[in-house]
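Reading the structure
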Amino acid sequence: MNLHEYQGKELLSSFGVRIQRGIVVSTPDEAVKAAEKLNKDTGTSWWVIKAQVHAGGRGKGGGVKLAKSLDQVRSISDDILGMRLITPQTSSEGKLVHQVLITEDVYYPGESETDEYYMSVLLNRSTGRNMIMYSTEGGMDIETVAEKTPHLIFTEEIDPSIGLQSFQCRKVAFNLGLSGLAFKEMTKFVSSLYKAYVSTDSSLFEINPVLKTSDNKIMAVDSKVSLDDNALFRHKDYSLLRDKREEDPTEVEAGEYGLNFVKLDGNVGCMVNGAGLAMATMDIIKMAGGNPANFLDVGGTADAKRVEQAFRIILKDDNVKAILVNIFGGIVRCDRVAQGIVDAYKNIGEINIPLIVRLQGTNASEAKKLIDESGLKVESVILLQEAADKVAEVLT
């Protein structure tokens, strides 16, 4: 589950990480009041207005701007709120901005210059260990840094049996070229950041940039946080942070029915049980000359109601020209799925696109008989290759 920048910063702050202070608002009037409060509390006379959407590269799309007066705070907030923000990480339609974060200006003048760094905590799947990735090239896309200057990216892996050690925090600060107060601040920052990552059961904490201010403070100016969905049962309060407006409405609806659904850009709808079989089904669709319109796993306990809902969700996509149902009856019985298909067909009404069904496993013969005798326009096949041939046939 992804969080907004302001939510991620609130989590970081609760674990002792210094953050760029800000107030989230949803109207220009609220933006001005927030700016006035920040001026009173922090002394800042310039403010940064940031669009709150689940996407990186907001600045490139015009979603991050500096305001040097309260009038500019109002006008810039008015421009950003309600806009369709298009970034390298959004679709061509962009994301609708519902909120902006009004933050203090932390690039204030001082005796020394400010510096920006990149830092993230994530799982290194090849080693099975958590890893801190960091670089002196903050404020840039880490992919660009990796491509053009890979020697400027450092990693520090953490042994899960002993956790993050103090010498590792010092090593990070040393590799970033810090000394004195900034060195001490960075070691504290790294320790607190890692504690936040582990304690919240996150899958990613990315801070870009981490800022060294002119008075040698270290703080998070941005935050990208992804929480592990599978661990949310341990953090029920974090579930309240979910912003469904940032997610595909169809995927949200599917989740409410216990369906694992991901919308794609193809023309063949898929209904499968089991992630592995779903991937194989998508491959066979590609080999047949089609493109999967979705990933949909109905799960091992699918009943007639869930199957019907899966059909309704697939049919919401106007690009779907055919539907392939591929079920292996292990835990779920094939006849139960077949009954769900028949019921869905009758309840939804006439389905005007080809429907190809392959049911194998427990009660497969009963399932095939049920579908064949239903009188519905359903192509029943046995082999996966037959299913692929049917897909190719209906798409030509």
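Okay, so let's go over this structure. Only a predicted model underlies this, so the values are computations on that prediction, with no experimental measurement involved.

Evaluated as defined, the whole model comprises 22 salt bridges. One salt bridge in this structure joins Arg 18 and Glu 185, with 2.5 Å as the shortest N-O distance. With Arg 18 in the loop between helix H1 (5-14) and strand S1 (22-25) and Glu 185 in helix H6 (residues 180-199), this pair connects stretches of sequence that are 167 residues apart. Asp 372 is paired through a salt bridge with Lys 368; the nearest N and O atoms lie 2.9 Å apart. With Asp 372 and Lys 368 both in helix H12 (residues 364-372) and four residues apart, the pair spans about one turn of that helix. The class for Lys 368 is partly exposed, based on a relative accessible area of 30%. Here the residues in one salt-bridge network are Glu 5, Lys 9, Lys 50, Arg 58 and Asp 222, joined through shared partners.

Tallied over the full model, the rule gives three aromatic pairs. For the pair Tyr 134 and Phe 154, a centre-to-centre distance of 5.4 Å together with 20 degrees between the ring planes defines the contact as stacked. Of this pair, Tyr 134 sits in strand S8 (residues 129-135) while Phe 154 sits in strand S9 (residues 153-158), and the two are 20 residues apart along the sequence. The partly exposed category is assigned to Phe 154, whose relative accessible area is 24%. Note on Tyr 197 and Phe 205: the rings are 6.3 Å apart at their centroids and 85 degrees apart in plane angle, and the pair reads as edge-to-face. Among the aromatic residues, ring-to-ring pairing joins Tyr 194, Tyr 197 and Phe 205 into one connected group.

Below, the discussion takes up helix H13 (residues 384-395). Taking 1.5 Å per residue, 12 residues should reach 16 Å; H13 reaches 17 Å between its end C-alpha atoms and fits that length. Turning to H13, its buried residues are Ala 387, Ala 388 and Val 391. What you see down the axis of H13 is that its buried residues fit within an arc of 100 degrees, all on one side. Where H13 is buried, its residues touch strand S14 (268-272), helix H9 (275-287), strand S16 (322-329), strand S17 (355-361) and strand S18 (379-381).

Calculation criteria
- Residues numbered from 1 in each chain as written.
- Predicted model: local features only at pLDDT ≥ 70, side-chain atom pairs only at ≥ 80, totals over all residues.
- Heavy atoms only, no water.
- Salt bridge = Lys/Arg side-chain N within 4 Å of Asp/Glu carboxyl O.
- Helix = DSSP H or I, 4+ residues; strand = E, 2+ residues; numbered from the N terminus.
- Buried < 20%, exposed > 50% of the residue type's maximum accessible area, 1.4 Å probe, protein only.
- Phe/Tyr/Trp six-rings, centres within 6.5 Å; stacked < 30°, edge-to-face > 60°.
- Expected span 1.5 Å × (residues − 1).
- Arc of directions from axis to C-beta.
- Contact = heavy atoms within 4.5 Å.

The values are spatial; any link to function lies outside them.
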